[in-house]
Amino acid sequence: MSEGDLLHVVATDNIGPTRRGIGLLMIWGSPVVLALVALAQVLQNWGGQDFGFTNWRPTLYAYVLYAVCLCWGQVLVKGEQGKRILFVLPAALFVVSLTVFPLLFGLIIAFSNWNLSSPDGRQFNGVDNLIQMWHDPFYWNALTNMVWYVLAILPEYVLAFGLALMLNAEIRGRKFFRVAFLMPLMLSPVAVSWMIGKSMMETRFGPLATLMKHLGWENPSFFSSPWVAKSTIMLMDAWTFIPFMMIMILAGLQAIPKELQEAARVDGATGWRAFWEVTFPLMLPVSITSVLIRLIFKLKLADIVINVTSGGPGGATDTVTSFIFREYRDRSNVGYGTMLAMFYLVIIIVVMTGLMKLADRYMKSSY
Amino acid sequence: MTTQATSGQIFRDAPSDILFRAKWWSGRVLIYGLLILWAIVALFPIYWTMSTSFKMAPDVMKGSLVPWWDFQPKWLGWKSLGLSPETITQPSTVRGEFLRRFYNSAIISVSSSVLAVVLGSLAAYGLSRFSYKFLWMKNADISFFFLSQLILPPVVLALPFLVLYKELALLDTQIGLIILYTLSVLPIVIWIMRDQFAGIPTELEEAAMVDGQTIWGAYLTIILPIALPGMVAALILSLVLTWNEYFFAALLTSTYANTLPVMVASQTGSQGISWWSMAALSFAAILPLIIIGIGLERFIIKGMAAGAVK
């Protein structure tokens, strides 16, 4: 097990039988406690017994106890090896219990009709949600919108690359420009939706509207026709996230050895050709990483849409997340919303895996 | 005859040199022009929000921009928040509300970021130094498992968590949000820290262990100080993300544990709200991050660059 370790530790473990026993007791005893507590709660909920629980907190506490005992027990039983496991185990337990368990639970919810505000509680309804989803034009509309939003990453990337190139050039006041360019990323999307979406784009006296009037747009209204609204949302989202790509690309540019560009210049490559034949190919791995990460953030896009247009006009700006958010707000039906989200997750996983495979293969073949 | 020759220049720039210089200058002008243009694009909304919070209604209507020149700054917006010089000493319900939300945001974002950095850097260190095997999963699989959490959109977890939290009485509590936020920034922290630890040679710990340190002792006394800049970068990036988070906060809190973005959003929704107080509120909400951005910019850049360059 330890043959692949980068760091070799030679330590003499003398683990006495008592210590080992206590450790084993912790590892195997705590799940028993957890099971007992959970059983008592289940009995109270469905079996009619009254143990005086008001909520499921006791089970949570028992679970936390189990997690602590599991970590501690590793060290007691396995000694040095256990101490190594202790590095990764807490984070792994944390993530597993907070994603895998809710996801499984989510699968149950997805196949049921569950209105949180109605007293009936959860009712299993098979594939009804799936059928409803299939016939829900607004959901498919939101998915199509997501495709457009994702496509907007390409111009964002070009712009970010341009900005990074300028920051990498020999300029004065680089620090000032870097801080200035970084600023939009620091702002909360909710504040941005008011600052830009509601106030600067105010049709009567917002500065952006005034600017547009000067540029010849008679009645600048940024959110009344579908495509204008969609592009406005894209622009606002781009405004916040271009710095993110820009900084990753800038880091990549600064890592390129100067000699390579000088060599290209000696060989007679002028600016434009030097860029396409030297800089750009070298930047490909960084570019792919930054675009993929940007894609991940793009798929979460919701805050701006919820706060500026709440999906309007006619669902033209809806993202999947904002649609599900409103679906829950308006009907408080968790079952249907979860089914929509699960379907979205499946699409994302398929697309992302495909993209990563593609990127991987492309990178391998080009070197 | 000689006057002609001496008055004129003997050495002239060749036409190609003049052309080159002209090209150089136009290049300079172009690049600074573009840089300044984008700086305006990036900074103007912030300036607009800040200046609007000092404007009266007619100034807003006119679209005035320059203080003291085309409008007289007033503390109007800040007065409605209870944060102007006159009102700061008097009791104010709005200020109380604002400070409570601010406090919630601060507690939640700081504790979740610290928790994520602690958990994440431990895991990243372990993964960079030892080889693990759990069932069929080896190190690469475990790393991938952590990082794959990034593609999990929040909306998938939101409704199950809503139901679970309701049963666990964690709805509308700070701890509930802290747990979720930690989960959402943990992959990013692991991503940054993995690179950090990979750059530190293992000889350092080996030397420490020869001197009688345990592995945890070596980690705490030798490795942590070296990896500190990276940890700060991860911490700040987490702070930015958690401070700005809106979706989970809007779903899972109602009255007690609301964060600042939820408050800003609820004010935006109401139509009658005055511009100056809205501007003051927005600006107060983004101010901490603007300060962090200016002061700790190099850490943010370091953090984001960590994954980009291998």
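Residues numbered from 1 in each chain as written. Chains lettered and ligands numbered in written order. Predicted model: local features only at pLDDT ≥ 70, side-chain atom pairs only at ≥ 80, totals over all residues.

(A) Region of interest: the domain arrangement of chain A. Residue and element names in this part refer to chain A. Here the domain parsing of chain A yields domain 1 (17–110) and domain 2 (134–366). Taking only C-alpha atoms into account, the centre of domain 1 sits 41 Å from that of domain 2. Facing four residues of domain 1, the contacting portion of domain 2 comprises five residues. Taken together, the residues of the side of domain 1 that touches domain 2 sort by class into three nonpolar, one polar and no charged. (Domains from an automatic or database assignment. Contact = placed C-beta atoms within 7 Å. Nonpolar A, V, L, I, M, F, W, Y, C, P; charged D, E, K, R; others polar.)

(B) Quick peek at the environment of Leu-168 of chain B. Assignment of secondary structure puts Leu-168 of chain B in the loop between helix H7 (154–167) and helix H8 (174–198). Discounting residues that sit within four places of it in the chain, Leu-168 of chain B has contacts with Asn-55, Trp-56, Arg-57 and Leu-60 of chain A. (Helix = DSSP H or I, 4+ residues; strand = E, 2+ residues; numbered from the N terminus.)

(C) How the structure looks around helix H1 (residues 17–47) of chain A. Residues and elements named next belong to chain A. Helix length check: H1, at 31 residues, gives a terminal C-alpha distance of 42 Å against a target of 45 Å (1.5 Å per residue), a fit within 8%. Maximum bend of H1: about 25 degrees, positioned at Met-26. For H1, the full list of buried residues reads Gly-23, Met-26, Ser-30 and Val-37. Those residues of H1 that are buried are in contact with helix H2 (57–78). (Expected span 1.5 Å × (residues − 1). Bend = angle between axes of the 7 residues up to and from the residue. Buried ≥ 20, exposed ≤ 12 C-beta atoms within 10 Å, placed from the backbone.)

(D) Molecular detail of the domain arrangement of chain B. Residue and element names in this part refer to chain B. Domain annotation for chain B reports domain 1 (14–81) and domain 2 (93–308). Averaged C-alpha coordinates put domain 1 and domain 2 at centres separated by 34 Å. Facing eleven residues of domain 1, the contacting portion of domain 2 comprises 13 residues. For the side of domain 1 that touches domain 2, the elements supplying multiple residues, two or more each, are helix H2 (15–52) and helix H4 (76–81). Take the side of domain 1 that touches domain 2: its biggest share by element is five residues, from H4. Residue composition of the side of domain 1 that touches domain 2, by class: five nonpolar, five polar and one charged.

(E) Quick look at the environment of Ser-80 of chain B. Residue and element names in this part refer to chain B. Take Ser-80: it is sitting in helix H4. Taking the number of C-beta atoms within 10 Å as the measure of exposure, Ser-80 has 21 and is therefore buried. Considering only alpha carbons, one finds Ser-80 and Ser-274, 194 residues apart in sequence, at a separation of 9.4 Å.

(F) The interface of chain B and chain A, seen in detail. At the junction of the two partners, chain B supplies 83 residues and chain A supplies 81 residues. Counting residues per element, the side of chain B that touches chain A draws most heavily on H2 of chain B, at twelve residues. Taken together, the residues that form the side of chain B that touches chain A break down as 64 nonpolar, 13 polar and six charged.

(G) Representation of unusual backbone geometry. All names here are of chain A. Even without being glycine, Ser-310 reaches a positive phi, approximately 40 degrees. Among the structural elements, Ser-310 can be located in the loop between helix H13 (303–308) and helix H14 (320–331). In this structure, Ser-332 takes a positive phi of about 40 degrees despite not being glycine.

(H) Quick peek at the environment of Ile-200 of chain B. Residues and elements named next belong to chain B. On the secondary structure map, Ile-200 appears in the loop between H8 and helix H9 (203–210). Residue Ile-200 is classed as partly exposed on the basis of its C-beta count, with 17 C-beta atoms lying within 10 Å. As for Ile-200 and Ile-226, which are separated by 26 residues in sequence, their C-alpha atoms are 8.0 Å apart. Filtering out sequence-adjacent residues up to four positions away, Ile-200 remains in contact with Ile-223, Ile-226 and Ala-227.

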